[in-house]
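Coordinates in review
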Amino acid sequence: MAGRIRVAVVFGGQSAEHSVSLQSARFVLEALDPARFEVVPIGITGEGRFLVGGDPLARLTGGAPQSTSTELAPAAAAERVAGVDVVFPVLHGPHGEDGTLQGFLELAGVPYVGAGVLGSAVGMDKAVMKMVFAQAGLPLVPWRLLLRSELADQELVEGRLSGLSYPLFVKPANMGSSVGISRVSSAGERAAALADAARYDRRIVVEQGVDARELECGVLGNERPQASVVGEVLASGEFYDFQAKYDGSSGLKIPAEIDAAVAREIRAHAVQAFQAVDAAGMARVDFFLDRASGRVYLNEINTIPGFTRFSMFPLLWQASGVDFPELCTRLVDLALARHAERNRGAGAEPVA
Ligand SMILES: Nc1ncnc2c1ncn2[C@@H]1O[C@H](COP(=O)(O)OP(=O)(O)O)[C@@H](O)[C@H]1O
Ligand SMILES: [Mg+2]
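Treat the numbers as computed from the prediction; the structure is a model and nothing was measured. Per chain, residue numbering runs from 1 following the sequence as it is written. To label them, take the chains in the order written and letter them from A, then take the ligands in the order written and number them from 1. pLDDT decides what is reported in this predicted model: residues at 70 or higher carry local features, side-chain atom pairs at 80 or more are listed and counted, and totals for whole chains, interfaces and linings draw on all residues regardless.

Concerning the overall build of the protein
Scanning the protein from N- to C-terminus turns up twelve helices and 14 strands. Taken over the C-alpha trace, the protein has a radius of gyration of 20 Å; the compact-globule value for 352 residues is 20 Å, and the two agree within 12%. Overall, the C-alpha framework of the protein stretches about 60 × 55 × 45 Å when taken along its three principal axes. Counting only residues that meet the buried cut, the protein has 42% of its 352 residues in that class. Counted over contacts in the protein with a minimum sequence separation of 6, partners at least 24 positions apart contribute 66%. The way it works is that DSSP assigns letters per residue, a run of H or I at least four long becomes a helix, a run of E at least two long becomes a strand, and they are numbered from the N terminus. The globule rule used for comparison is 2.2 Å times the number of residues to the exponent 0.38, while the radius of gyration itself is calculated over C-alpha atoms. Counting other C-beta atoms within 10 Å of each residue's C-beta, where C-beta atoms are placed from the backbone, gives the exposure class: buried for 20 or more, exposed for 12 or fewer, partly exposed between. Distance between backbone-placed C-beta atoms decides contact: two residues are in contact if it is within 7 Å.

A short note on the pairing of strand β11 (residues 226-234)
By the bridge criterion, six bridges tie strand β10 (residues 212-221) to β11 in an arrangement that is antiparallel. Among the inter-strand pairings, Leu 215 is bridged to a residue of β11, identified as Glu 232. Here, strands pair whenever DSSP counts at least two bridges between them.

Examining the site of ligand 1
Nearness is defined per residue: the C-beta atom, placed using the backbone, must lie within 6 Å of the molecule or strand. Taken together, 20 residues surround ligand 1, and among them Phe 169, Glu 207, Gly 209, Phe 239 and Tyr 240 come closest. Those elements that provide at least two residues to the shell around ligand 1 are β7 (168-172), β9 (203-208), β10 and β14 (296-302). For this scheme, ten residues count as nonpolar: Ala, Val, Leu, Ile, Met, Phe, Trp, Tyr, Cys and Pro. Four count as charged, namely Asp, Glu, Lys and Arg, and the remainder, Gly too, count as polar. Of the residues belonging to the shell around ligand 1, the class tally is nine nonpolar, six polar and five charged. The source of the domain bounds is an automatic or database domain assignment. Looking at which domains feed residues into the shell around ligand 1, each of domain 2 (142-208) and domain 3 (211-340) gives three or more.

Examining the sheet that holds β9
The four strands lie next to each other as β6-β9-β7-β8, forming an open sheet whose pairing is antiparallel. One side of each edge strand has no neighbouring strand; the edge strands of this open sheet are β6 (143-147) and β8 (182-184). The mean angle between the axes of side-by-side strands here comes to 25°, regardless of whether they run parallel or antiparallel. Sheet topology places β7 next to β8; three bridges connect them, and they run antiparallel. What sits directly across from Val 170, in β8, is Ser 182. Orientation is described by lines fitted to C-alpha atoms, with helices fitted over the stretch in contact, and by angles between N-to-C directions that extend from 0 to 180 degrees.

Things to note about the domain arrangement of the protein
If you check the domain split of the protein, you get domain 1 (5-112), domain 2 (142-208) and domain 3 (211-340). On the side of domain 3, 15 residues touch domain 1, which itself brings 22 residues to the contact. Mapped onto the side of domain 1 that touches domain 3, the elements with two or more residues apiece are β1 (5-12), α1 (18-31) and β5 (86-90). The element contributing the most residues to the side of domain 1 that touches domain 3 is α1, with six residues.

Side note on unusual backbone geometry
Trans peptide bonds make up the majority, and among non-glycine residues the majority have a negative phi. The step from Tyr 166 to Pro 167 runs through a cis peptide bond, and the omega angle for that step is 0°. One can find Pro 167 in the loop between α7 (154-161) and β7. Of note, the amide linkage connecting Ile 254 to Pro 255 takes the cis form, showing an omega dihedral of -10°. Mapped onto the elements, Pro 255 comes out in the loop between β12 (251-253) and α10 (260-276). Here the phi dihedral of Asp 278 falls at roughly 60°; this positive angle occurs in a residue that is not glycine. As for its position among the elements, Asp 278 is in the loop between α10 and β13 (281-290). Overall, Asp 278 belongs to the partly exposed group, with 15 C-beta atoms counted inside 10 Å.

Structure representation (structure tokens):
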């Protein structure tokens, strides 16, 4: 079939979300329309080696240890990656969603799905993300930044966290899937939570906890992004931690049962958040709806949202009239359009 677009789907990776990525990738690989796309699966091992050829997904899921995939160092894989028409990164967390892979793809000159280097990096770092959101006038819960190297200084920590009241949420700045995140209900639990977050990152975010419903909104587009309907996460645990996210016990309610005015506010904020970090293609934007005050707070943006069959992002778009194969097609088209838009005028600047 001539004329098909060659799409490399990249999955796995070095982050704690490796296995989530594999589940997402399986769903994307199935959904890409074979009449339009020739799919090239590319795995990344936990050690950061690229797997090309054969069946890298089976190899990474342990199903086919003898798979004929070739294992390459990233530099050696660059040429393979550059040989496709577009790359669809389905990698969550550091070294996938944080701008590093995106920079690699920029250097290779290949279009890719989702946010660029800047949007990915800002969206990955919870502290910088909040600074950008605050500048854009978006509503955030009170929060503070601590460095791992500052934790030994009790006085400094006390001073930095003054003004926040329990419960607190302690998070590594650069992670995902709730890895390293703790809910701290009293001062006695705080040091352990800070130490745990410090295992994952040198930057630690401490937030005011809110008793809130968790609402999420999908965004799709480049220069004029659109918001999906709003969905609600019904977390099974005390909060939406790693287990609650992936053991199948948490429910999603799509669309969420909320006032039309709240839904409008969330959808508008979702688009503003997307534009504030200069995201592209897609994002899932997550909110808290304070049960007591009814106030909406922006929690975070995810530039590569979960893509499994049970994930919020594809289900939000399905409920908004965009089924999964259509969503994948649009994402590839948006990647190609963004690449063309960025290259427009490249070289047009006169060199003095
Ligand atoms: N300030 C907060 N108040 C209440 N719950 C929170 C707060 N921050 C995080 N949580 C809970 O922790 C979960 C994970 O936090 P989040 O910042 O979204 O990290 P991740 O990027 O790992 O998803 C949230 O979905 C929510 O259940
Ligand atoms: Mg989250």
